[in-house]
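# Structural overview
One letter stands for each residue in the lines below.
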Amino acid sequence: MIPENWDKETDVVIVGFGGAGVAAAVSAHDLGSKVMILEKAPEGLHGGNTRVAAQGYLNVSSKDDAIAYLTALCGPYKVPEEMIRVWADEMAVNNEWLAGLGGDPQEHQHPPAGIEFPELPGAQSSHKFHDGPKLGYGLTWDRFESFVLERDIPVLYETPGRELIQHPETKEILGVRAEQDGKSILIKARKGVVLTCGGFENNQELIRTYLTGVPYCYPSGSPYNEGDGIPMAQAVGADLWHMNNFAGPSMALKVPEFPATLSMQPLHFSKEFPGGMIVVGPDGKRFGDEKFKTRHGKVPVNGVWKALQVPCPMFMIFDQPLMAAGPLYNKEPNRGWTAMMDRYDWSEDNSVELEKGWIRKAESIAELAGIIGVDAAALEDTIARWNAGASNNEDPEYGRKLMLSPFSEGPFYAIELSPSMINTQGGPRRNERSEILRPNGEKIPRLYSAGELGSIYSYLYQGTGNIGECLGFGRIAGRNVAAETPWD
């Protein structure tokens, strides 16, 4: 039913105030449309994954090479050629767009550094940029946010979109039902709606349904990304794509006190610490190289790339020298939700976390096995085999190259780890105009999307590609929704 009375009205409603929402809002506004942004998070916690990411965005140096590279990244999970071409066109002008709005594009990790899959054709076209002289710390997000604030585009915080209002006959999207202060409000969108509300990293039901190999998984980024745009789009007839693809998993600590994960320094692919450390599954056995550098969660398996397979639960087992080497958690607040937003102050000697029960302690491996619920003989055998190899500075089982120290005498420690992810890539299918599509390929009139909600990345992922895509398809959505004729 078409509401007789609306609580608010505007030309364009943007659902989600992250990188894609910024690009869509600014583009539509600068073409003369009135824009309103709905944001689920409270003010100060907004920005989505863009705010707490490493702050890089993709800009390509050659459109033809970029087309070849993305085609190869998609592999057997094909994406329409017209989508790939439009993506390349937009990735080539991200710097121009940012500079044109007063930004300061700066390249980091100059090629070949930072190219995720250098063996694929066209990879050399990828260049990682950020804004200003310093990388990280949410600084590029601050620049993006300023574009919205200086235009005085209204942002309704703590106002998640809940339902799209659709004309019963024409199937046009007329507005959004949102939730504010526990009440429903109806917002009229005279030209259209753009969904930019991110992935489903913090929705366990969707994770169990769509992501293989992880019965549960937790975000390293924004906990407000709960997949809200997926049921909203499905309810008005949208098709879905790329729902099985995500940037992860990694292994991290998840505790009830915080909604996002905490990264453990000994598991970093390049950092070295003294002491013995391995990760085991519920059978008490190792399952891989704990220091392997995945490609945003993907690892090579039999000539293809698959998401890292992790057993649940899993445990980081370590000894006293590692416990005494300093904080196990990386407190540097340059990226990640817990570090940047919650700012948890991990103790320098790990003693507070031991008291909290996040770290478990025992005088023997057998006792530790009993505490964490794994077979004692199996864990003792695993440690013995690790010690035998590490004594020769090698890992015969999995070829690990870093931190090859045998375990010392007790005490011993364990931390239960959970799968963690940066983001999901799935959501409503869109076309090269950022229009959301039905299963038959027809567009849903006046409905657009951009960013991680229905991302173009179907298989493999190039770092900085998500924020780059947020900007590119955000601009496309903003331009096209602004060109719509008001329905009233």
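The preceding data block contains the structure.
Note that residues are indexed from 1 along each chain, following the sequence as it is written. Note on the predicted model: pLDDT of at least 70 is required for a residue's local features to be given, and 80 or more for side-chain atom pairs to be given and counted; whole-chain, interface and lining totals, by contrast, use all residues. Side-chain calculation: all heavy atoms of the structure are included, whereas hydrogens and water are not.

### Considerations on the sheet that holds strand β3 (residues 57–60)
Sheets are built from strands paired through backbone hydrogen bonds, the pairs being either parallel or antiparallel. Selection criterion: Only strands joined by at least two bridges in the DSSP assignment are considered to pair. Numbering of helices and strands runs from the N terminus; a helix is a DSSP stretch of H or I covering at least four residues, while a strand is a stretch of E covering at least two. Simply put, an axis is a line fit to the C-alpha atoms, just over the touching stretch for a helix, and the angle between two N-to-C directions goes from 0 to 180 degrees.
Taken in spatial order, the 3 strands line up as β3-β5-β4 in an open sheet, and their pairing is antiparallel. The outermost strands of the open sheet, each flanked by one partner alone, are β3 and β4 (105–108). Neighbour-to-neighbour, the strand axes of the sheet open up by a mean angle of 50°, direction not taken into account. As defined by bridge partners, β4 adjoins strand β5 (residues 126–131) across 4 bridges and the pair is classed as antiparallel. By the bridge assignment, Pro105 is partnered in β5 with Asp131.

### Regarding the nonpolar core
Generally speaking, a soluble globular protein has its nonpolar side chains buried in company with each other. Rules: Only buried residues count toward a nonpolar core. Its members are Ala, Val, Leu, Ile, Met, Phe, Trp, Tyr and Cys residues joined through side-chain atoms within 4.5 Å. With a 1.4 Å probe rolled over the protein chains alone, any residue whose accessible area is under 20% of its type maximum counts as buried; one over 50% counts as exposed, and the rest are partly exposed.
By size, the foremost hydrophobic cluster in this structure holds 62 residues, and its most contacted members are Val193, Leu195, Leu262, Met264, Phe318 and Trp346. For this core, the leading source of residues is strand β9 (residues 183–195), giving 5 residues.

### Brief notes about empty space enclosed by the protein
Formally: The rule is simple: put a 1 Å grid over the protein atoms alone, call a set of points where a 1.4 Å probe fits but cannot get out a cavity, call an open set with protein on both sides within 12 Å along at least five of seven lines a pocket, and count a residue as lining if it has an atom within 4 Å of a point. Grid points are joined across faces, edges and corners, and a volume is the space filled by probe spheres set on the points. Ten residues, namely Ala, Val, Leu, Ile, Met, Phe, Trp, Tyr, Cys and Pro, are considered nonpolar, four, namely Asp, Glu, Lys and Arg, are considered charged, and the remaining ones, Gly among them, are considered polar.
Counted by the stated rule, this structure contains 2 cavities of 30 Å³ or more. Roughly 300 Å³ of volume is contained in the largest cavity. Along its surface, the largest cavity is lined by 29 residues, and Gly48, Thr196, Cys197, Gly198 and Asn225 are the ones closest to its centre. Counting residues per element, the ones that place at least two in the lining of the largest cavity are α1 (19–30) and α2 (48–52). Ranked by residues supplied to the lining of the largest cavity, first place goes to α2 with 3 residues. Taken together, the residues of the lining of the largest cavity break down into 12 nonpolar, 13 polar and 4 charged. When its volume is computed, the second largest cavity comes out at roughly 40 Å³. As for the second largest cavity, its lining consists of Asn245, Phe246, Ala247, Arg295, His296, Lys298, Gln425, Tyr459, Leu460 and Tyr461. For the lining of the second largest cavity, the per-class residue count stands at 5 nonpolar, 3 polar and 2 charged.

### Overview of the layout of surface pockets
One number sums up the size of the second largest pocket: a volume of about 310 Å³. In this structure, the second largest pocket is lined by 14 residues; those nearest its centre are Tyr77, Asn244, Trp305, Lys306 and Ala307. It is strand β16 (residues 304–307) that contributes the most residues to the lining of the second largest pocket, 4 residues altogether.

### As for the environment of Ala339
For clarity, the cut-off: Any two residues whose heavy atoms approach within 4.5 Å are treated as being in contact.
Here Ala339 shows up in helix α10 (residues 337–342). With relative accessibility at 8%, the residue Ala339 sits in the buried group. Along the chain, Ala339 and Ser263 lie 76 residues apart, while their C-alpha atoms are 9.1 Å from each other. Not counting residues within four places of it along the chain, the set of residues in contact with Ala339 comprises Tyr329, Glu332 and Pro333.

### Concerning unusual backbone geometry
For the peptide bond that leads from Gly248 to Pro249, omega is 5°, which places it in the cis range. Tracing the sequence through the fold places Pro249 in the loop between β12 (246–247) and β13 (250–252). With an omega of 10°, the peptide bond running from Gly410 to Pro411 counts as cis. Along the chain, Pro411 falls in the loop between α13 (376–390) and β19 (412–421). A positive phi angle, near 65°, is found at Lys171, a position not held by glycine. The class for Lys171 is partly exposed, based on a relative accessible area of 34%.

### Some points on the environment of Ile383
Its place among the elements puts Ile383 in helix α13. As a C-alpha pair, Ile383 and Asn431 span 48 residues in sequence and 52 Å in three-dimensional space.

### Considering the pairing of β19
Of all 10 residues that make up β19, 9 are buried, and the element is covered over most of its length. Bridge analysis of strand β10 (residues 218–219) against β19 gives 2 bridges, and the strand direction is parallel. Across the sheet, residue Pro219 finds its bridge partner in β19, namely Met421. Both β13 and β19 contribute to a ladder of 3 bridges, which runs antiparallel. Bridging from a neighbouring strand, Ala252 pairs with Ser418 of β19. Pairing of strand β17 (residues 314–319) with β19 involves 6 bridges; the strand directions are antiparallel. Directly across from Met316, in β19, lies its bridge partner Ile415. When strand β18 (residues 360–362) meets β19, the two strands line up antiparallel, connected through 3 bridges. Each bridged residue has a counterpart across the sheet, and for Ala362 the counterpart in β19 is Phe412.

### Some thoughts on the packing of aromatic side chains
Filter applied, for reference: Side-chain rings of Phe, Tyr and Trp (the six-membered ring for Trp) are treated as a pair once their centres are within 6.5 Å; stacked means planes under 30 degrees apart, edge-to-face means over 60, and tilted covers the remaining angles.
Under the counting rule described, the total for this entry stands at 20 aromatic pairs. With 5.2 Å between their ring centres and 85° between their planes, Phe117 and Trp305 make a pair best called edge-to-face. Of this pair, Phe117 sits in the loop between β4 and β5 while Trp305 sits in strand β16; the two residues are 188 residues apart in sequence, bridging distant segments of the chain. Here Trp305 falls in the buried class, since its relative accessible area comes to 17%. Pairing Phe407 with Phe412 gives two aromatic rings, centres 6.4 Å apart and planes at 45°, and the pair type is tilted. Exposure class is identical for Phe407 and Phe412. Each is buried. Counting every residue linked through ring pairs, the aromatic cluster contains Phe258, Tyr329, Tyr344, Trp346 and Trp358.

### Some details on the state of the cysteines
To keep things clear, this is the line we draw: When the sulfur atoms of two cysteines come within 2.5 Å, that pair is taken as a disulfide.
Under the criterion given, the structure shown has 0 disulfides. Here Cys217 is not disulfide-linked; the sulfur of Cys312 is the nearest cysteine sulfur, at 8.2 Å. Cys312 gets classed as partly exposed once you look at its relative accessible area, which sits at 22%.

### Quick look at the packing of helix α3 (residues 63–74) against helix α4 (residues 81–91)
To keep it simple, the criterion reads: For classification purposes, an angle smaller than 35 degrees is called roughly parallel, one larger than 145 roughly antiparallel, one from 65 to 115 roughly perpendicular, and anything else oblique. For a crossing to be left-handed, the near helix must be turned anticlockwise from the far one by less than a right angle; the clockwise case is right-handed.
Put simply, α3 and α4 touch, their axes get as near as 9 Å, and they point 130° apart. Here α4 runs oblique to α3, going by the angle between their axes. At the point where α3 passes α4, the crossing takes the right-handed sense. Every residue of α4 that contacts α3 at Lys63, Ala66, Ile67, Leu70 and Thr71 is listed here: Ile84, Arg85, Trp87, Ala88 and Asp89.

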